[in-house]
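# Descriptive structure summary
The lines below spell out each chain.
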Amino acid sequence: MKTIGQMVEESLDYADRGSLEIAFLPACEALRQTAEMVHHETNTGEPPFQRFIRDNWRLISFMGIPRMDSVPPNLPFGIRRVIPSFIISNIYEEIVIYTVRQTLTIHRVPLEIGFNSFGGTMVENDKLLLPKSLIFSILGSVVFNPLNQHETVADRYWLNIWDFKMFVSELWGRMDLAERVMKLYQ
């Protein structure tokens, strides 16, 4: 079994090569392992990864979907079928939960989801393209989590939080740094 640090490295390696859909699976696996540690005693009927995303939505959305524009009206059928109501308080949170759930279940990004290099979301060829920064925000929620303070990665890996580019090796368990950066932009 890979460590959380190894999964973070794997995800960052794939993302660096432009293999964004492949990079998303190890990011989701690292999130699942972290979520299971955080919520190991919580029995709410909600899967730990889903609860973790909801608990960390502020950071995930800040890093991963900084411009939460309106949802494209031409969402792919597969997403509209699963998330039928646009009256949900946070449709992007539900889309991210759906994407992580499906990725963990089928071990690849669902066919109706992809990633783009731009900051926004769009639909192209019946595929919802999410910003690639979502991958880094999932990783950020894992790296900044205090339970992962003893994880390690090689010194060559880094994460961006808006204008701040920091080495991952210095960020493990440092939610306080993420909070400080978020506070600067609010």
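Every value quoted in this text rests on a predicted model; they were computed, and no experiment measured them.

Take the sheet that holds strand 3 (residues 127–131) next. With mixed pairing, the three strands of this open sheet are ordered in space as 1-3-2. The sheet is open, and its two borders are formed by strand 1 (113–116) and strand 2 (122–124), each paired with just one other strand. Along the sheet, successive strands turn relative to each other by an average axial angle of 40 degrees, direction set aside. By the bridge criterion, four bridges tie strand 1 to strand 3 in an arrangement that is parallel. The partner of Gly 114 across the bridge, within strand 3, is Leu 129.

When a protein is soluble and globular, its nonpolar side chains tend to lie buried together. Core analysis: the largest hydrophobic core is formed by 59 residues, its most contacted members being Val 8, Ile 53, Val 100, Ile 138 and Val 168. Apart from the residues within four sequence positions on either side, Ile 53 is in contact with Leu 31, Ile 60, Val 96, Ile 97 and Val 100.

On average, residues of the chain score 90 in pLDDT, and 92% of them reach the 70 mark or higher. When the elements of the chain are averaged for pLDDT, helix 5 (residues 77–82) gives the smallest value, 71, and helix 1 (residues 4–16) the largest, 98.

Calculation rules
Each chain has its residues counted from 1, running along the sequence as written. The predicted origin of the model limits local features to residues at a pLDDT of at least 70 and limits the giving and counting of side-chain atom pairs to 80 or more, whereas totals for whole chains, interfaces and linings rest on all residues. Excluding hydrogens and water, the side-chain values take into account all heavy atoms of the structure. Only strands that DSSP links by at least two bridges are regarded as paired with each other. Helix and strand assignments come from DSSP, with helices taken as H or I runs of at least 4 residues and strands as E runs of at least 2, each series counted from the N terminus. In this description, a line fitted to the C-alpha atoms serves as the axis of each element, helices being fitted only across the stretch in contact, and the angle between N-to-C directions of two axes falls anywhere from 0 to 180 degrees. The nonpolar core is taken to be a set of buried Ala, Val, Leu, Ile, Met, Phe, Trp, Tyr and Cys residues, with the residues joined through side-chain atoms within 4.5 Å. Buried, partly exposed and exposed residues are distinguished by accessible area as a fraction of the type maximum, computed with a 1.4 Å probe on protein chains only: under 20%, between the cut-offs, and over 50%, respectively. Note on definitions: a residue-residue contact is assigned when non-hydrogen atoms from the two residues lie within 4.5 Å. Every residue is assigned a pLDDT by the predictor, reflecting its confidence on a scale from 0 to 100.

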